[in-house]
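So you can see what is in the structure, the chains are spelled out below.
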Amino acid sequence: MLKIKDLHASIDDKDILRGINLEIKAGEVHAIMGPNGSGKSTLASVIAGREDYEVTQGSIELDGTSLEELSAEERAHKGIFLSFQYPVEIPGVSVTNFIKTAINENRKGKGLEDMPANEMLKKIKEKSELLEIDRKFLSRSLNTGFSGGEKKRNEIFQMAMLEPKLAILDETDSGLDIDAMRIVADGVNTLKNKNNAIVVITHYQRLLDYIVPDFVHVLYNGRIVKSGGKELALELEAKGYDWIKSDVTV
Amino acid sequence: MSKYTEDDLREELKTKEYEYGFYTDIESDTIPIGLSEEVVKTISKKKGEPAWMTDWRLEAFRIWEVMKEPEWANVNYVKPDFQAISYYSAPNKKPKYNSLDEVDPELLATFKKLGISLDEQKKLSGVAMDVVIDSVSVATTFKKTLSEKGIIFCSISEAIQEHPELVKKYIGSVVPRTDNFYAALNSAVFSDGSFCYIPKGVKCPMELSTYFRINQAGTGQFERTLVIADKESYVSYLEGCTAPSRDENQLHAAVVELIALDEAEIKYSTVQNWYPGNAEGQGGVYNFVTKRGLCEKRAKISWTQVETGSAVTWKYPSCILKGDYSVGEFYSIAVTNNFQQADTGTKMIHLGKHTKSTIISKGISAGKSQNSYRGLVQISSRADQARNFSQCDSLLMGDECGAHTFPYIEVKNNTAKIEHEATTSKIGEDQIFYCNQRGIATEKAIALIVNGFSKEVLNKLPMEFAVEAQKLLEISLEGSVG
């Protein structure tokens, strides 16, 4: 589904990604781990098409199509979803209004009519129940005054509504207590199927107890320095990142 | 029979317009440029006004003559040459264009986005029409419903002839001729405008709108509006139109006076979209307006405005809360783009006891524009237990625009309770990227953010006006983020 080849990216002439190679197939869950500043969030932003970053070398393909020329919204229309580490506030725009707009803009991007209101309401009801979100929450302004947990739950709610092909969860576990993490993880697991793929970016191992990855990659200094199965995450947890750092000569 | 609504009227306009007659072009009747006592007398004479009105205008002229144009507003413009303006022009029936093909395609595109019918498009852009809505006949149906309730809704010229006792009593009672330079000028030379009287205890069954009167009276550059709500009555009045109004008159100096007698309520909503000038800041209308309402005991006046047009706006819809327990409200959205300048806000003058006022102002600046909020909250010494809440929010787009807030608070009574909140925010790249990532393109994202920002005010507009205003906000900011 997603093929990343020798990807280099920089911001303000500073190289962040220095040759990433990664292939993700439908039905897989990949975890990307690594110390602070290793380029995890940059990788997520570059895949999503953030313009602040410049791709200097290499390529990203989704289902055989290069993403290079596509804007962020066009990538979203193709099914790429990013759950933000720091979701932004949009005062005065309700959770419902935002997701309604997003869904209809995605449909428009695919040449479809707006989703009929009753279908929309039904879907919102179904997905909000899945994530244990109550009705009052849906009419609040997007992320405005939300707790860390509410923000992340709302991200996963949007993911559930948009049903992306490739979902990238950037530090979704940060700011979550154990109950909220369970709800979020249950949500993600319910949405997982053989046609989509999930990339979990995390600093710690604990989220991976709930969302179990098929592959774990360690990112360090802009490169994937180690890949393995889920046991790699446990090893990292036990030994710390210094183990990787000393292992790698950059 | 269900009540006659605006929708019915609109339907009627659509279906009946062809039933009514043609009009004949009359020669344009314009007097030479310049302003003098003679000119004022000529205007009054041409309008066939009674002597008291002529005298009232002349007195205004004498006041204006010795006044100076105000310079305190945070705006820069070339002052108009008041002797280079012609102050009277009979409704010019000569079309500007022969067909829609000759009209600026940009303007037509905007009409289309706003969903304005073809005939209305022609009307608004000044295209010759072989058939027009006969104002008299449409107004007849409209007026019949109103007159059954004793409501008077007509042009101010007509009111001067037909209801002199009301006009004489109230004109200039809230905005005196001495009030300011532009109010004095307007009083001397006002061309026409609207008059509305709601009798005691009557709730006006429909929104009164000047939109339906566009061809009843050319509003002209010196518009005068007088709305009187008698005791315990209610009226909602809509002014303006979301369609862009291109006008050759550069200077617009209107005066609006509202009188809400005991326990009456007036809701006055405005959408202003005069020509703002081009993207380089050339041309555009100067909009210098004086709007003020007087509240008697337990009366309420709400001003709601969406200001997107004009090159320079100078406007402060205000409330004099004279009666005890009276309420004043001001809800405003002011959008400036390119080189537009707006200095707008309100004055809440608390005279009565237990008077209450609310101010919600939302300023949106884009391009190289300057947007200022200027507001006065004044609590007089006998206004015990007066309360005010003010909230002024500014939203900036880009690095070249400006937002300014000038709140003035004068309190002479220590039982008063006053709250003022102000915020300034910027549409950030983070917000845009977040929306983009959800599949929402940048233009749509800005519209979403701006509408969210303006929501508290949009909610105060009558439903249909709100939908139009929302579209207008989107259009006004199109292309403002590169």
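Residue positions are counted from 1 within each chain, in the order its sequence is given. Here chains are named by letter from A upward and ligands by number from 1 upward, in the order in which they appear as written. The predicted origin of the model limits local features to residues at a pLDDT of at least 70 and limits the giving and counting of side-chain atom pairs to 80 or more, whereas totals for whole chains, interfaces and linings rest on all residues.

1. A closer look at the overall build of chain A
Part 1: Regarding its fold elements, chain A presents ten helices and twelve strands.
Part 2: With the C-alpha coordinates of chain A rotated into their principal frame, the extents come out at 55 × 40 × 35 Å.
Part 3: With C-beta atoms placed from the backbone, the exposure class of a residue follows from how many other C-beta atoms lie within 10 Å of its own: 20 or more, buried; 12 or fewer, exposed; in between, partly exposed. By the burial criterion, 40% of the 250 residues in chain A qualify as buried.
Part 4: When contacts within chain A are restricted to residue pairs at least 6 apart in sequence, long-range pairs at least 24 apart make up 72% of them. Strands here mean DSSP runs of E at least two residues long; helices mean DSSP runs of H or I at least four residues long; both are numbered from the N terminus. Note that contacts rest on C-beta atoms placed from the backbone: two residues are in contact if these are within 7 Å.

2. Re the overall build of chain B
Part 1: Looking only at helices and strands, chain B has twelve helices and 19 strands in total.
Part 2: Looking at chain B as a whole, 48% of its 482 residues are labelled buried.
Part 3: When contacts within chain B are restricted to residue pairs at least 6 apart in sequence, those whose partners lie at least 24 apart make up 85%.

3. What to know about the sheet that holds strand β1 (residues 2-11) of chain A
All names here are of chain A.
Part 1: An order of β2-β1-β4-β5 is seen for the four strands of this open sheet, with the pairing classed as antiparallel. Lying at the two open borders of the sheet, with one neighbouring strand each, are β2 (14-24) and β5 (65-66).
Part 2: Across two bridges, strand β4 (residues 54-62) lies against β5 in antiparallel orientation. Following the sheet pairing, E61 is matched in β5 by S66.
Part 3: Running over the sheet, helix α1 (residues 40-48) touches β1, β2 and β4 and is turned about 70° from β2. Should DSSP find at least two bridges between two strands, the strands are taken to pair. Axes here mean lines fitted to C-alpha atoms, for a helix over just the part in contact, with angles spanning 0 to 180 degrees between N-to-C directions.

4. Some remarks on the environment of A238 of chain A
Residues and elements named next belong to chain A.
Part 1: Following the sequence through the fold, A238 ends up in helix α9 (residues 231-239).
Part 2: A residue is classified by how many C-beta atoms lie within 10 Å of it, and A238, with 9 of them, is exposed.
Part 3: For the pair formed by A238 and Q205, sequence separation is 33 residues and the distance between their alpha carbons is 9.8 Å.

5. Brief notes about the pairing of strand β7 (residues 255-260) of chain B
All names here are of chain B.
Part 1: Buried residues dominate β7, accounting for six of its six residues.
Part 2: Both faces of β7 are covered, namely the face carrying V255, E257 and I259 and the face carrying V256, L258 and A260.
Part 3: Pairing analysis gives six bridges linking strand β4 (residues 224-229) to β7, with the strands arranged parallel. When the bridges of β7 are listed, A229 appears paired with A260.
Part 4: In terms of strand pairing, β7 meets strand β9 (residues 286-295) through six bridges, oriented parallel.

6. Details of the environment of I32 of chain A
All names here are of chain A.
Part 1: For I32, the location among the structural elements is in strand β3 (residues 29-33).
Part 2: Classification of I32 as buried rests on a count of 27 C-beta atoms within 10 Å.
Part 3: Apart from residues no more than four positions distant in its own chain, I32 is found in contact with K40, L43, V199, I201, H217 and L219.

7. Topic: the interface of chain B and chain A
Part 1: In this complex, chain B contributes 16 residues to the contact, which on the side of chain A involves 21 residues.
Part 2: The set of elements that each furnish at least two residues to the side of chain B that touches chain A consists of α10 (429-437) and α11 (442-458) of chain B.
Part 3: When residue character is reported, Ala, Val, Leu, Ile, Met, Phe, Trp, Tyr, Cys and Pro are called nonpolar, Asp, Glu, Lys and Arg charged, and the others, Gly included, polar. Tallied by class, residues from the side of chain B that touches chain A come to seven nonpolar, five polar and four charged.

8. Focus on helix α3 (residues 51-65) of chain B
All names here are of chain B.
Part 1: How far a helix is expected to stretch is found by multiplying one less than its residue total by 1.5 Å. A rise of 1.5 Å per residue sets the reference length of α3, with its 15 residues, at 21 Å; its end C-alpha atoms lie 21 Å apart and thus fit the reference within 8%.
Part 2: For α3, the set of buried residues is W56, R57, A60, F61 and W64. Taken down its axis, α3 places every buried residue within 140° of arc, on the same side. For α3, the exposed residues set more than 90 degrees away from the buried face come down to A51, W52 and D55. Directions from the helix axis toward the C-beta atoms define the arc.

9. Some remarks on the pairing of β4 of chain B
Residue and element names in this part refer to chain B.
Part 1: For β4, a buried count of six out of six residues is recorded, marking the element as mostly surrounded by other parts of the structure.
Part 2: Here β4 shows a buried face lined by R224, L226 and I228 and a second buried face lined by T225, V227 and A229.
Part 3: Relative to β4, strand β2 (residues 194-198) runs parallel, the two sharing four bridges. Pairing of I198 across the sheet is with A229, part of β4.

10. Describing the nonpolar core
Part 1: Counting residues in hydrophobic clusters, the biggest one holds 177 residues, and the most contacted among them are I168 and V200 of chain A together with C196, L258, A260 and I266 of chain B.
Part 2: Ranked by residue count, the leading element in this core is α11 of chain B, at nine residues. In this description, a nonpolar core means buried residues of the types Ala, Val, Leu, Ile, Met, Phe, Trp, Tyr and Cys, linked to one another by C-beta atoms lying within 7 Å.

11. Side note on unusual backbone geometry
Part 1: Even without a glycine there, the phi angle at E132 of chain A is positive, about 55°.
Part 2: With respect to the helices, strands and loops of the structure, E132 of chain A is situated in the loop between α4 (117-130) and α5 (135-138).
Part 3: Its 14 C-beta neighbours within 10 Å are what place E132 of chain A among the partly exposed residues.
Part 4: Even without being glycine, S310 of chain B reaches a positive phi, approximately 70°.
Part 5: Position of S310 of chain B relative to the elements: it lies in the loop between β10 (300-307) and β11 (312-315).

12. Regarding the sheet that holds strand β11 (residues 215-220) of chain A
Residues and elements named next belong to chain A.
Part 1: With mixed pairing, the six strands of this open sheet are ordered in space as β6-β9-β10-β3-β11-β12. Every interior strand has two partners, whereas the edge strands, β6 (80-83) and β12 (223-228), have only one. Going across the sheet, the axis of each strand differs from the next one's by a mean of 20°, ignoring polarity.
Part 2: Inspection of the sheet shows β3 paired to strand β10 (residues 197-201) by four bridges, in the parallel sense. Bridge pairing in β10 places I32 opposite I201.

13. A look at the packing of α3 of chain B against helix α9 (residues 181-189) of chain B
Residue and element names in this part refer to chain B.
Part 1: α9 packs onto α3 with a crossing angle of 150° between their chain directions and a minimal axis gap of 7 Å. Between α3 and α9 the crossing geometry is left-handed. Taking contact as the criterion, the partners of R57, A60, F61, I63 and W64 in α3 are, on α9, F181, A184, L185, S187 and A188.
Part 2: Tallied by class, residues from the contact of α3 with α9 come to eight nonpolar, one polar and one charged. Put simply, a crossing is left-handed when the front helix is turned counterclockwise from the back one by less than a right angle, and right-handed when it is turned clockwise.

14. Comments concerning the confidence of the model for chain A
Part 1: A residue's pLDDT is the confidence the predictor assigns to it, expressed on a 0 to 100 scale. Residues of chain A with pLDDT of at least 70 account for 98%, and the chain-wide mean is 92.
Part 2: Averaged pLDDT values over the elements of chain A bottom out at 76 in helix α10 (residues 242-247) of chain A and peak at 97 in β6 of chain A.

15. Observations concerning the packing of helix α6 (residues 148-162) of chain A against helix α7 (residues 178-191) of chain A
All names here are of chain A.
Part 1: Put simply, α6 and α7 touch, their axes get as near as 10 Å, and they point 10° apart. By the angle between their directions, the pair α6 and α7 is classed as roughly parallel. Taking contact as the criterion, the partners of G149, K152, R153, I156, M159 and A160 in α6 are, on α7, A180, I183, V184, G187, V188 and L191.
Part 2: For the contact of α6 with α7, the residue count by class is eight nonpolar, two polar and two charged. These descriptions rest on fixed angle ranges, namely under 35 degrees for roughly parallel, over 145 for roughly antiparallel, 65 to 115 for roughly perpendicular, and the rest for oblique.

16. Considering α6 of chain A
Residue and element names in this part refer to chain A.
Part 1: Helix length check: α6, at 15 residues, gives a terminal C-alpha distance of 21 Å against a target of 21 Å (1.5 Å per residue), a fit within 8%.
Part 2: Among the residues of α6, those classed as buried are K151, K152, R153, N154, E155, I156, F157, Q158, M159, A160 and M161.
Part 3: In this structure, the buried side of α6 is in contact with β6, α3 (95-109), α4, β9 (166-170) and α7.
Part 4: Just downstream of α6 lies E163, where phi reads positive at about 45°.

17. Looking at the confidence of the model for chain B
All names here are of chain B.
Part 1: Summary statistics for chain B give a mean pLDDT of 81 and a share of 77% for residues scoring 70 or more.
Part 2: Predicted confidence for residues 12-28 stays below pLDDT 50, and this span has 21 contacts to residues more than four positions away or in other chains.
Part 3: In this model, residues 211-219 is a region of pLDDT below 50 whose contacts with residues beyond four sequence positions or in other chains number 18 contacts.
Part 4: The ipTM for the predicted assembly is 0.95, set against a pTM of 0.81.

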